[in-house]
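Chains, contacts and geometry: an overview
Residues per chain are reported as follows:
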Amino acid sequence: MLSAAQKEQYQRDGYIVIPDFQSPEKIAALRARAAQIVDEFDPAVASGIFTTKDQEKKADEYFLRSDNAIRCFFEEEAFGPDGQLRQAKALSINKIGHAMHDLDPVFRAFSADPRLEELARELGLAEPQVWQSMYIFKQPGIGGEVRWHQDATYFDTDPISVTTFWFALEDATLDNGCLWAEPGGHRTPLRERFVRNGDDIKVEKLDDTPWPNDSTAAPLECKAGALVCFHGLLPHYSAPNRSPVSRHAYTLHVTDGQTRYSPRNWIQRDASFPVRGFV
């Protein structure tokens with residue numbers, strides 16, 4: 001799947017961008033299914049707002065019960081002072097999470113790709129296990145910032161193995177909030193650990209290494225169909241989307257089953273709902 005140059009770049013930078021990985025037809029099917037899920041979502045029954053800020057305070061039951069379910073989350077700026085949506089529901093959802101790859105046939109078909117299994121092994125995952133899926137809308141005008149973080153914060157293994165597969169379903173540009181990453185930043189320490197004990201959540205501070213800034217970070221602009229793969233220790237973020245154009249993406253978080261998956265990670269599986277690989 002990968003050339004020698006791509007493998008070298010991944011080892012050096014902690015990420016690679018693979019253009020034209022997914023077909024327009026498969027992207028269209030995933031987008032149509034996401035739109036259908038949002039259309040059928042009734043905010044009056046239950047809803048939440050997704051944020052990466054003050055997570056200990058803002059993690060609620062709706063979020064925690066989404067670990068092995070399919071739930072919609074609103075953008076932080078979706079509601080006005082009167083508590084009503086500022087715009088249509090379809091333009092107000094931040095993301096869908098977190099188990100579509102196992103529970104929804106369309107998302108499962110997209111995720112169960114033998115090429116991803118091969119790619120994961122080439123990136124060092126001897127036994128790929130897919131723990132989480134997210135459909136991210138990055139809505140026009142109100143798409144929220146995702147602060148600097150490392151995905152290993154949420155998927156701790158010993159040794160660290162989590163790898164992110166990020167599919168661009170629309171063009172990701174500087175204007176609409178593309179990913180930014182610190183080349184080589186996967187060689188920096190894990191700064192935080194997001195841990196769960198029942199319904200109690202806390203963020204453990206592990207290291208004071210500062211987060212990158214614009215002088216050391218690189219934008220990962222890419223076209224629809226591209227796949228971005230990056231190491232779990234790679235610092236990355238995305239800016240708010242103030243443009244009139246959305247930036248849809250689909251992400252999978254994958255660990256190596258030959259590493260020890262922490263029992264304090266927020267997503268757990270048991271024999272009744274076992275974690276699976278790509279195939």
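Let me sum up the structure you'll find in this document.

Definitions and cut-offs
Residues numbered from 1 in each chain as written. Predicted model: local features only at pLDDT ≥ 70, side-chain atom pairs only at ≥ 80, totals over all residues. Heavy atoms only, no water. Core = buried A, V, L, I, M, F, W, Y, C linked by side-chain atoms within 4.5 Å. Buried < 20%, exposed > 50% of the residue type's maximum accessible area, 1.4 Å probe, protein only. Helix = DSSP H or I, 4+ residues; strand = E, 2+ residues; numbered from the N terminus. Contact = heavy atoms within 4.5 Å. Salt bridge = Lys/Arg side-chain N within 4 Å of Asp/Glu carboxyl O. Phe/Tyr/Trp six-rings, centres within 6.5 Å; stacked < 30°, edge-to-face > 60°. Pairing = 2+ DSSP bridges.

Quick word on the nonpolar core
Membership of the largest hydrophobic core comes to 54 residues, with the highest contact counts inside it found for Ile-96, Leu-119, Tyr-135, Phe-165, Phe-167, Tyr-250 and Leu-252. Ranked by the residues each element gives to this core, the list is headed by helix 2 (residues 24-40), at five residues. Ignoring any residue separated from it by four or fewer positions in sequence, one finds Phe-165 in contact with Leu-116, Leu-119, Ala-120, Leu-123, Leu-227, Val-228, Cys-229, Tyr-250, Thr-251, Leu-252, Val-254 and Phe-278. Core analysis: the second largest hydrophobic core is formed by 19 residues, Cys-178, Leu-179, Ala-181 and Ala-226 among them.

Thoughts on the pattern of salt bridges
The tally for this structure, following the rule as stated, stands at 19 salt bridges. In this structure, the salt-bridge partner of Arg-31 is Glu-170, at a minimum N-O distance of 3.2 Å. Taken together, the residues Arg-31 in helix 2 and Glu-170 in the loop between strand 8 (163-168) and strand 9 (179-181) connect sequence positions 139 residues apart. Here Arg-31 falls in the partly exposed class, since its relative accessible area comes to 31%. Between Lys-202 and Glu-204 there is a salt bridge; the shortest N-O distance is 3.9 Å.

Focus: the packing of aromatic side chains
Enumeration according to the criterion identifies 17 aromatic pairs in this entry. With a centroid separation of 5.3 Å and 65 degrees between ring planes, the pair formed by Tyr-62 and Phe-73 is classed as edge-to-face. With Tyr-62 in helix 4 (residues 61-64) and Phe-73 in strand 3 (residues 70-74), the pair connects residues that are eleven residues apart, well separated along the chain. Across the pair, exposure class does not vary: Tyr-62 and Phe-73 are buried alike. Taking 5.2 Å as the distance between ring centres and 50 degrees as the angle between the ring planes, the aromatic pair formed by Tyr-154 and Phe-194 counts as tilted.

Observations concerning the pairing of strand 13 (residues 227-231)
Burial within strand 13 is extensive, with four of its five residues counted as buried. When strand 1 (residues 15-18) meets strand 13, the two strands line up antiparallel, connected through four bridges. By the bridge assignment, Tyr-15 is partnered in strand 13 with Phe-230. Bridging between strand 8 and strand 13 involves five bridges; their strand directions are antiparallel. From the neighbouring strand, Thr-164 faces strand 13, where its bridge partner is Phe-230.

Considerations on the sheet that holds strand 9
Pairing is antiparallel in the open sheet, where four strands are placed in the order 6-14-9-12. The outermost strands of the open sheet, each flanked by one partner alone, are strand 6 (146-149) and strand 12 (218-219). Relative to strand 14 (residues 236-238), strand 9 is paired through three bridges, and the arrangement is antiparallel. Among the inter-strand pairings, Trp-180 is bridged to a residue of strand 14, identified as Tyr-237.

Any link to function would need more than the numbers given here.
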